[in-house]
Amino acid sequence: MFTVDRVSPGRAVADACGLLLIVLAAVCVGSVYAFADLCGVYQAPHEDAVMLVSSVLAATAVLLWLSWLLIERGAARWVCLVAVVAGVLAVVAKVPEPWQTTGQVSGTLGEVVFHTVLGWLVLEVCRRHGISATRLGLLPQPGGVTDQARIRETVLLMTVAVVCFLTMDLIGWLRANLASYGSLPLPPPGDAVVFDSWEVFPAVFGAVVLEDVLLVGAVAALLHIARRPAWMIYTTITVIEVAFHLHYGLAALAFVPYALLRTWLFLRYGRLLPLLLGHAIADAAVLLCAPPTAALAKIVLPLALIANLWRLLHQGDQNPAPADAGSHAATGPVGR
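Residues numbered from 1 in each chain as written. Predicted model: local features only at pLDDT ≥ 70, side-chain atom pairs only at ≥ 80, totals over all residues. Heavy atoms only, no water.

Colleague: Before we move on, could you go through the overall build of the protein and cite the residues and values that matter?
Modeller: Summing up its helical and strand segments, the protein has 12 helices and zero strands in all. Traced from its N-terminal end to its C-terminal end, the protein shows the element sequence α-α-α-α-α-α-α-α-α-α-α-α. For the protein, the proportion of its 336 residues judged to be buried stands at 47%. (Helix = DSSP H or I, 4+ residues; strand = E, 2+ residues; numbered from the N terminus. Buried < 20%, exposed > 50% of the residue type's maximum accessible area, 1.4 Å probe, protein only.)

Put into structure tokens, the structure is as follows:
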């Protein structure tokens, strides 16, 4: 069970809302405008200005909040200096030309810096509530864990990867089969964002920080220690997950089961690392691999998942020993 002795449950809810406001400003404003375009709404006259201001405000909030948390806990001066420098770079990266002179590379590197500082902020916010990276399940399991725990870790990773593949396939199916209904807000079937190979890592890294570390990990943990009801945790994470992907239009609803499953897996097993690795592997396979290779991955991964599930069940029958009380794979963040 996560501890709540350092701050009040109300502060935990406030911090979760603060993190959500940052991602709403940094990501969801642009997604909402993209959804409006799909609905046939003409571009608002101040759309670019609103998106610029919201993203700069989000980066500034990350800089100020992170600096304050580090000063509050008495971090070393060099740590605070690194945070300030990285935060300032993240703010500057949000400002377009003429301040940036190296074009697309500068913008991509700036996003990496922003998501790095944002991830740091998320860990500091969790830390002030007694939630360490270990409690979030962000670190590899120790060497003394049982074979059953290792197999379970693999099953979690493959489950998320397979469901991620299924979600992308469902989006493609919805776009292809509902395109004939011209009034529905859906992008054309062949309309997709194309990444260069060197852009894939920044894109996947940003998605993992936003969707896994911040949304599924930190927000679920903070709302849990605040003793919010389960329906509120699931609803909050699912709504924001869909809002992240509104550029898919109505097909963004395909992310509802994906968000619900990942939230349940985290609350049940308390292991965030396999969830984010599964997400990263699936995204990288879709963005990097040619269609035949990606299709092969979609066949191999489910078969490997079935094999590991069989191993997990078989191992459980042979080794019914109780799990270690400190193992997050057994207790999860919700405890017992």
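Still more ground to cover, so stick around.
Colleague: A description of the side chain of Thr-263 should follow, citing residues and the corresponding values.
Modeller: Secondary-structure assignment places Thr-263 in helix α9 (residues 255–269). Residue classification places Thr-263 among the buried positions, given a relative accessible area of 0%. Setting aside chain neighbours within four positions, we find Thr-263 in contact with Val-216, Ile-233, Tyr-234 and Ile-237. (Contact = heavy atoms within 4.5 Å.)

Colleague: Please give an account of the nonpolar core that cites residues and values.
Modeller: Within the largest apolar cluster, 89 residues are counted, with the highest numbers of intra-cluster contacts made by Leu-19, Leu-118, Leu-121, Leu-222 and Phe-266. In terms of residue count, helix α7 (residues 197–225) provides more of this core than any other element does, 16 residues in total. Those residues within four positions of Leu-19 in sequence are excluded, and the remaining contacts are Trp-65, Leu-121, Val-122, Val-125, Leu-214, Ala-218 and Leu-222. (Core = buried A, V, L, I, M, F, W, Y, C linked by side-chain atoms within 4.5 Å.)

Colleague: Go over the confidence of the model for the protein, please, and point to the residues and values.
Modeller: When pLDDT is averaged along the protein, the result is 82, and 81% of the positions lie at 70 or above. Per-residue pLDDT, averaged within each element of the protein, yields its smallest value for helix α12 (residues 328–331) (40) and its largest for helix α8 (residues 230–244) (95). Within the model, pLDDT remains below 50 along residues 317–331, and this stretch shows 19 contacts once partners closer than five positions in the same chain are excluded. (pLDDT = per-residue confidence, 0-100.)

Colleague: Before we move on, can you summarise the environment of Ala-221 with the specific residues and values?
Modeller: Summarising the element assignment, Ala-221 is placed in helix α7. Its relative accessible area of 1% is what places Ala-221 among the buried residues. Along the sequence, Ala-221 and Ile-233 sit 12 residues apart, while their C-alpha atoms lie 9.1 Å from each other.

Colleague: Give me the lowdown on helix α2 (residues 47–72), citing residues and values where you can.
Modeller: Between its first and last C-alpha, α2 extends 37 Å over 26 residues, near the 38 Å set by a 1.5 Å rise per residue. Backbone geometry just after α2 places Gly-74 at a positive phi near 75°. (Expected span 1.5 Å × (residues − 1).)

Colleague: A description of the pattern of salt bridges should follow, citing residues and the corresponding values.
Modeller: A full pass over the atoms with the stated rule returns six salt bridges. Between Arg-128 and Asp-15 there is a salt bridge whose closest N-O contact spans 2.9 Å. With Arg-128 in helix α4 (residues 104–128) and Asp-15 in helix α1 (residues 9–38), the pair connects residues that are 113 residues apart, well separated along the chain. Residue Arg-128 shares its accessibility class with Asp-15, and that shared class is buried. Measuring nitrogen to oxygen at the nearest pair gives 2.6 Å for the salt bridge that ties Glu-241 to Arg-262. In this pair, Glu-241 is assigned in helix α8 and Arg-262 in helix α9, connecting sequence segments 21 residues apart. When its relative accessible area of 1% is taken as the criterion, Arg-262 is described as buried. (Salt bridge = Lys/Arg side-chain N within 4 Å of Asp/Glu carboxyl O.)

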